[in-house]
Amino acid sequence: MPDSHLERVLVTVTGPDTSGITAALTGVLAEKGARLLDIEQVVVQGQLTLCLLVGLGSARAASEPVLKDLLFTAKRMGLDLDFAVVPGERDERAGQRYAVTAIGDGLDANGVHVIADVLARYHANIEQIRQLSGERLGSVEILLGLPAEVGAASALRRDLIRATADLDIDVAVQRERLTRRAKRLVIMDMDSTLIRIEVIDELARMHGVVDRVSEITRRAMAGELDFEESLRERVALLRGLKVEKVHALAADLPVTEGAREMLTVLRKLGFKTGVISGGFTFAAYALKERLGLDYAYANELVEDAGVLTGEVKQPVVSPQRKADLLDAIAQREGIALEQTIAIGDGANDLAMLERAGLGIAFHAKPRLREQADTALRAGGLDRILYLLGLHAHDIADLLAD
Ligand SMILES: [Mg+2]
């Protein structure tokens, strides 16, 4: 019998999960010649919900024995079973699928409610909700369909971020397609992203010029100087600093929380990794060595007779060059830009974040946060793994062996 002549019955089975439930119920369907049109199952804390969409002959005589047998089998296994006839045509709303990932300590009943409330306003059709973190509800992934309206996804993202701004929850909205999970290259900024400090501030402190360097940084932030000018002016103030002091700093850089975990997991998944920094090579190369990165690019300070000359070698790693280097690495590795991730904290990372398939503003200044695809305001770099849809137990497995 063609599917269109069948009555579609949604059978929902709930109760304590034991082995053999799906086998027994599908066995009934097979024996009675009923058609299984769709199946989905979740188990939460040992409680099973199993949905079977079954096609039955529309005559009562055909459907009654099947449903009776299903009911009997379920009862025997200590389960509740409900059924309802559903409309013949599936509600295939035109639109695109998205993954909404919510991460943070504020993810409690209220946090989930706030997010679900925004989704409802956008008429999002939620297909699946799953917890990604371990014991605690620290991360949830919601797969949904959005009606095909221009700009709906970016408006949804903006409203989700606004609604959760005071809740200690970060929310990311990504198109749900294979490339979300099939990322292959991660590029990080260095200062205040891969490491917790700004190297130039530390060098300035050692050399007793921290106030003058901060003043130039302030003017750069205010847009009075461009990146290259401000870099040159600050480096000039470091003239005469002993190179051995610079190397001592490099040997002891404080790596950001979660960085090692993130890199270990990504490497095991076959990712290429790199740091592209507007800071300095002595620090970037030390990190490349220490963390086993594949690539490191930064600015090279000129030294002579054991001290810095106050000059920087050309070409300078400017914001534009950061983006171009990401591109060059991807090309060299044969990786599509869509499969790249860039992580940064400052305005000089924006071009690189925009170039990447997924740009993540990490503990970033507000301006970058607003313009990036995704922003993480709290937690370690390992939270990025949740954005790729990895579950805490996947992460634990990869870290274990
Ligand atoms: Mg930075």
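All chains use their own residue numbering, which begins from 1 and follows the written sequence. In keeping with the model being predicted, local features are shown solely for residues with a pLDDT of at least 70 and side-chain atom pairs are shown and tallied solely at 80 or more, while totals for entire chains, interfaces and linings include all residues.

**Student:** Residues and numbers for the pairing of strand S15 (residues 358-362), please.
**Tutor:** Exposure classes come from backbone-placed C-beta atoms, where a residue is buried if 20 or more other C-beta atoms lie within 10 Å of its own, exposed if 12 or fewer do, and partly exposed in between. Helical segments are the DSSP runs of H or I of at least four residues, strand segments are the runs of E of at least two, and each set is numbered from the N terminus. The buried count for S15 comes to 5 of 5 residues, which makes it a mostly enclosed element. A two-sided burial pattern is seen for S15, the buried positions comprising Leu358, Ile360 and Phe362 on one face and Gly359 and Ala361 on the other. In short, DSSP must find at least two bridges between two strands for them to pair. Bridge count for strand S14 (residues 340-344) against S15 is 4 bridges, and the pairing is parallel. Each residue of the ladder has a partner; that of isoleucine 341, found in S15, is leucine 358. When the strands point away from the viewer, a crossover counts as right-handed if the route from the first strand across the helix to the second turns clockwise. What joins S14 to S15 is helix H13 (residues 350-355), and the crossover it makes is right-handed. The pairing of S15 with strand S16 (residues 374-376) spans 3 bridges and is classified as parallel. Each residue of the ladder has a partner; that of isoleucine 360, found in S16, is threonine 374. Once you follow S15 into helix H14 (residues 366-371) and on to S16, the crossover reads as right-handed.

**Student:** How would you sum up unusual backbone geometry? Please name residues and give values.
**Tutor:** The amide bond that connects glutamine 314 to the next residue, proline 315, takes the cis arrangement and shows omega of -10°. The residue proline 315 is located in the loop between strand S13 (307-312) and helix H12 (319-333) in this model. Of note in this structure, aspartate 168 is not a glycine but carries a positive phi near 60°. Looking at the element boundaries, aspartate 168 is found in the loop between helix H4 (152-163) and strand S8 (170-175). Residue aspartate 168 is classed as partly exposed on the basis of its C-beta count, with 16 C-beta atoms lying within 10 Å.

**Student:** Quick rundown of the packing of helix H3 (residues 109-121) against H4? Include the residues and the values.
**Tutor:** Where H3 meets H4, the closest approach of the two axes is 10 Å, and the angle between their N-to-C directions is 150°. In terms of orientation, H3 lies roughly antiparallel with respect to H4. Seen from above, H3 lies across H4 with right-handed handedness. Residues Val114, Ile115 and Val118 of H3 form the contact with H4, whose participating residues are Asp159, Leu160 and Ala163. Grouping the amino acids of the contact of H3 with H4 by side-chain chemistry returns 5 nonpolar, no polar and 1 charged. Each axis is a line fitted through C-alpha atoms, taken for helices only over the stretch in contact, and angles between the N-to-C directions span 0 to 180 degrees. Oblique is the label for any angle not under 35 degrees, not over 145, and not in the 65 to 115 range, which are roughly parallel, roughly antiparallel and roughly perpendicular in turn. The hand of a helix crossing depends on one turn: near helix anticlockwise from the far one by less than a right angle means left-handed, and clockwise means right-handed. Any pair of residues counts as being in contact when their C-beta atoms, constructed from backbone geometry, are within 7 Å of one another. In the scheme used here, Gly and all other residues not listed as nonpolar or charged are polar, with Ala, Val, Leu, Ile, Met, Phe, Trp, Tyr, Cys and Pro taken as nonpolar and Asp, Glu, Lys and Arg as charged.

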